[in-house]
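Report on the structure
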Amino acid sequence: HYSPHAYHIIEKYELQVHIKKERRNKMKINVFKMQILMGERGLIIKKLAELSGVSRQTISCIISGKGCTPQVAYKIATALDQELSQIVKEDVENG
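Residues numbered from 1 in each chain as written. Predicted model: local features only at pLDDT ≥ 70, side-chain atom pairs only at ≥ 80, totals over all residues. Heavy atoms only, no water.

Side note on the nonpolar core
- Counting 19 residues, the largest nonpolar core has I29, M34, L48, I76 and L80 as its most contacted members.
- Every element with two or more residues in this core is listed here: α2 (31–40), α3 (45–52), α4 (56–63) and α5 (70–79).
- Here the element with the most residues in this core is α5; it accounts for five residues.
- If sequence neighbours within four positions are ignored, L48 has contacts with M34, M38, L43, I59, I76, A79 and L80. (Core = buried A, V, L, I, M, F, W, Y, C linked by side-chain atoms within 4.5 Å. Buried < 20%, exposed > 50% of the residue type's maximum accessible area, 1.4 Å probe, protein only. Helix = DSSP H or I, 4+ residues; strand = E, 2+ residues; numbered from the N terminus. Contact = heavy atoms within 4.5 Å.)

Considerations on the environment of K46
- If you trace the backbone, K46 turns up in helix α3.
- According to the relative accessible area criterion, K46 is partly exposed, its value standing at 46%.

A word on the pattern of salt bridges
- In this structure the tally under the stated criterion is two salt bridges.
- The closest approach of N and O atoms between E40 and R41, which form a salt bridge, is 3.6 Å.
- Given the relative accessible area of 59%, E40 is considered exposed.
- The partner of K47 in a salt bridge is E50, with the nearest N and O atoms 3.7 Å apart. Placement of both K47 and E50 in helix α3 is noted, with a separation of three residues, approximately one turn of the helix.
- Residue K47 is classed as partly exposed on the basis of its relative accessible area of 39%. (Salt bridge = Lys/Arg side-chain N within 4 Å of Asp/Glu carboxyl O.)

Topic: the side chain of Q82
- Secondary-structure assignment places Q82 in the loop between α5 and α6 (84–87).
- Setting aside its immediate chain neighbours within four residues, Q82 contacts L37, R41, A77 and I87.

Printed below as a string of structure tokens:
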């Protein structure tokens, strides 16, 4: 049997592993394509945020090259009248 302290350490470690796995599930949006679609629709970040329900800060992070969750990518795709596969980079590992 482990001490309560040992269980706490194990739980903390498992949580960190889970968080790292979740981070790996991030999707990369094709920012160039996203910006073209925004331009065609006359959308600024603020308006895309309103349409998609995604914060302006998150959209700014995506534009600067950060990944996002599949849910966020889906919301942005929907706001831009696109299928998810049309705005997500194909090869996430090498992209």
